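Here is how the chains run, residue by residue.
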Amino acid sequence: MTNLFKLASQMGHEQVVFCQDQVTGLKAIIAIHDTTLGPALGGCRFWNYESEDDALNDVLRLSRGMTYKAAVAGLNLGGGKAVLFGDPQKLKSEALFRAFGRFVNSLGGRYITAEDVNINVDDMEYVALETKYVTGISTHAGSGDPSPYTALGVLYGMKAAVKHRLKRDSLAGLTVSVQGVGHVGYNLCKLLASEKVNLIVSDINAANTRKVQQDFGAQIAENDHILAEKADIFSPCAMGAVLNDETLPMLKAKIVAGAANNQLAEEQRHGQMVQELGILYCPDYVINAGGLINVSHELRGYDPRASEKDTAKIYDTLLKIFEESDRSSIPTHIASDRFAEKRIREVKAVSALNQSVKNQNWIDASRK
Ligand code: NAD
């Protein structure tokens, strides 16, 4: 593993922790990016990485993304993430998750874990046997599956995009193409159907598209044709890097509003391309923050109504980002990065001020 310190300092990480447990086969990396706003919260994913470098790069990139997501969502949380590497099918066990829980606990609350790819609520409950620094569990007043809240946030994001671009308050009568109708995509289709939206869906799992067709009357598109479908909004809810050199020229919709992480294949280049093509892009980490907002509520006593109310704020946040993008002629993903960085800078300054007041009080007291 080369240049770890160089990489971590370029990306601004505070701490990277390597964890291993020979008995259970646990190999994990926990990355804490920035705790200016609060403890670093972010999911742990289980993935069979090709190399340790791939695992490290992934956790550094994802934890940094969590800092930005929490900052723009107005949460008092920092950014962190964990990756467990190896084949989840072979390695998953109660003992492995409990070993991971003990490592999380050893960080004393600097990192709070949650579910991510290949991890479910049951796995998290094993983690919770060893540490209180865990969210997204179904017991102990936990918030459970975050997907319905992520979907709700995407719905508010779509409404903001439609307000900004089409000057409309309602989604009724519009056509939305949804790529991937798994946990988030299905819940999103349910919400959109109740808003009288026409749905076009695709999924590599035919059972998922059939269900959405049966439940909400969605039209099914071929997987490789979903971007070319005539729609007002394209909603990527499957995998990342979906906006790239190949797909962008065929995209018919003029609004992109979906839950998938890392939608821009190359952030700067494709973010610019999206703007030049006149497409209004809802930055992924802003529009998909509903799940994070929901788990953050566990930390202060879970109340689903309060969580829904905070998720609805994604609407106003996105409107501000669109306005800043127009005002400064910058792509929307750059506008949202600027909001995140500004909030972190300002809170850091306030913290430094508080510290200097504390120091002065201490000096005054010791001189008496
Ligand atoms: P999921 O695994 O439940 O659903 C993804 C769906 O996409 C599956 O049905 C899968 O068959 C389908 N799919 C995969 N590749 C596809 C392709 N090439 N074309 C069409 N369909 C394809 O995952 P999810 O929890 O619904 O999350 C969806 C996306 O949203 C992911 O990128 C995830 O990282 C992101 N996200 C999810 C949450 C959450 O709360 N679950 C929060 C933030 C971001």
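The rules behind each value
- Residues numbered from 1 in each chain as written.
- Predicted model: local features only at pLDDT ≥ 70, side-chain atom pairs only at ≥ 80, totals over all residues.
- Heavy atoms only, no water.
- Salt bridge = Lys/Arg side-chain N within 4 Å of Asp/Glu carboxyl O.
- Buried < 20%, exposed > 50% of the residue type's maximum accessible area, 1.4 Å probe, protein only.
- Helix = DSSP H or I, 4+ residues; strand = E, 2+ residues; numbered from the N terminus.
- Arc of directions from axis to C-beta.
- Contact = heavy atoms within 4.5 Å.
- Near = heavy atom within 4 Å.
- Polar contact = N/O pair within 3.5 Å; in protein donor to acceptor, adjacent residues only side chain to side chain.
- Areas by Shrake-Rupley, 256 points an atom, 1.4 Å probe, with all protein chains shown as cover.
- Nonpolar A, V, L, I, M, F, W, Y, C, P; charged D, E, K, R; others polar.
- Pairing = 2+ DSSP bridges.
- Right-handed = clockwise from strand over helix to strand, strands pointing away.
- Axes fitted to C-alpha atoms, helices over the stretch in contact; angles between N-to-C directions.
- Phe/Tyr/Trp six-rings, centres within 6.5 Å; stacked < 30°, edge-to-face > 60°.
- Core = buried A, V, L, I, M, F, W, Y, C linked by side-chain atoms within 4.5 Å.

Asks: Residue-level account of the pattern of salt bridges, with values.
Replies: By the definition in use, this model includes 20 salt bridges. The shortest N-O distance in the salt bridge between Lys163 and Asp169 comes to 2.9 Å. Lys163 gets classed as partly exposed once you look at its relative accessible area, which sits at 31%. Each member of the salt-bridge network shares a partner with another, and the members are Arg45, Asp58, Arg61, Lys81 and Asp116.

Asks: Tell me about helix 12 (residues 304–311), residues and numbers included.
Replies: For helix 12, the full list of buried residues reads Ser307, Asp310 and Thr311. An end-on view of helix 12 places all buried positions within 100 degrees of arc, on one side of the element. Within helix 12, the exposed residues directed more than 90 degrees away from the buried face are Arg305 and Lys309. Looking at the buried residues of helix 12, the elements they touch are helix 6 (147–166), helix 11 (290–298) and helix 13 (314–328).

Asks: Would you mind going over the site of the ligand in detail, with residue names and values included?
Replies: Lining the immediate surroundings of the ligand are 20 residues, of which Thr150, His183, Val184, Asp203 and Ala238 lie closest. His183 has a polar side-chain atom sitting 2.6 Å from an oxygen atom of the ligand. Ile204 places a polar main-chain atom, nitrogen or oxygen, 3.4 Å from a nitrogen atom of the ligand. If the ligand stood free it would expose 820 Å²; the protein chains cover 73% of that surface. Of all the secondary structure elements, the ones that give two or more residues to the shell around the ligand are helix 6 and helix 7 (183–194). The residue makeup of the shell around the ligand, split by class, is eight nonpolar, eleven polar and one charged.

Asks: Any details on the pairing of strand 3 (residues 40–47)? Residues and values, ideally.
Replies: For strand 3, the buried fraction is high: seven of the eight residues fall into the buried class. Here six bridges tie strand 3 to strand 4 (residues 78–85), and the two strands are oriented parallel to one another. Paired with Leu41 across the bridge in strand 4 is Gly79. Between strand 3 and its parallel partner strand 4, the chain crosses via helix 2 (residues 52–72), and the hand of that crossover is right-handed. Direction of pairing for strand 3 relative to strand 5 (residues 111–115): parallel, over a ladder of five bridges. Bridge assignment links Gly42 to a residue of strand 5, and that residue is Thr113.

Asks: Please give an account of the sheet that holds strand 3 that cites residues and values.
Replies: Within a sheet, neighbouring strands are paired by backbone hydrogen bonds and run either parallel or antiparallel to one another. Overall, mixed pairing links the five strands, which are arranged 1-2-4-3-5 in an open sheet. Bordering the open sheet on either side are strand 1 (15–21) and strand 5, each of which pairs with just one other strand. Across this sheet, the average inter-strand angle for adjacent strands is 25 degrees, counted without regard to direction. In the packing of helix 4 (residues 94–106) onto the sheet, the strands contacted are strand 1, strand 2 (26–34), strand 3, strand 4 and strand 5, and the crossing angle to strand 2 comes to about 30 degrees.

Asks: Can you lay out the packing of aromatic side chains for me, pointing to particular residues and giving the numbers?
Replies: Counted under the stated rule, the structure contains four aromatic pairs. Measuring from centroid to centroid gives 6.3 Å for Tyr49 and Phe85, while their planes differ by 80 degrees, and the two rings are edge-to-face. Separated by 36 residues along the polypeptide, Tyr49 in the loop between strand 3 and helix 2 and Phe85 in strand 4 bring together distant segments of the chain. Of the two residues examined, Tyr49 and Phe85, each falls in the buried class.

Asks: Help me get a handle on the nonpolar core, residues and values and all.
Replies: Core analysis: the largest hydrophobic core is formed by 54 residues, its most contacted members being Met158, Leu171, Val178, Leu192, Ile233, Leu318 and Phe322. No other element matches helix 6, which puts seven residues into this core. Setting aside its immediate chain neighbours within four residues, Phe322 contacts Ala160, Ala161, His164, Leu280, Tyr281, Cys282 and Thr332. In this structure, Cys19, Ala99, Phe100 and Val134 belong to the second largest nonpolar core, which totals 23 residues.

Asks: Residue-level account of unusual backbone geometry, with values.
Replies: In this model, Lys167 sits at a positive phi of 55 degrees, which is unusual for a non-glycine residue. Along the polypeptide, Lys167 turns up in the loop between helix 6 and strand 6 (175–179). Given the relative accessible area of 65%, Lys167 is considered exposed. Phi at Lys196 is positive, roughly 65 degrees, even though this residue is not glycine. Of note, Lys196 is situated in the loop between helix 7 and strand 7 (198–202).

Asks: Mind laying out the sheet that holds strand 10 (residues 255–256), listing which residues take part and the relevant values?
Replies: Judged by pairing direction, the sheet is parallel, and its six strands sit side by side in the order 8-7-6-9-10-11 without closing on themselves. Whereas interior strands pair on both sides, the edge strands pair on one side only; in this sheet they are strand 8 (219–220) and strand 11 (280–281). By the bridge criterion, two bridges tie strand 9 (residues 233–236) to strand 10 in an arrangement that is parallel. Looking across to strand 10, one finds that Phe234 is bridged to Val256.

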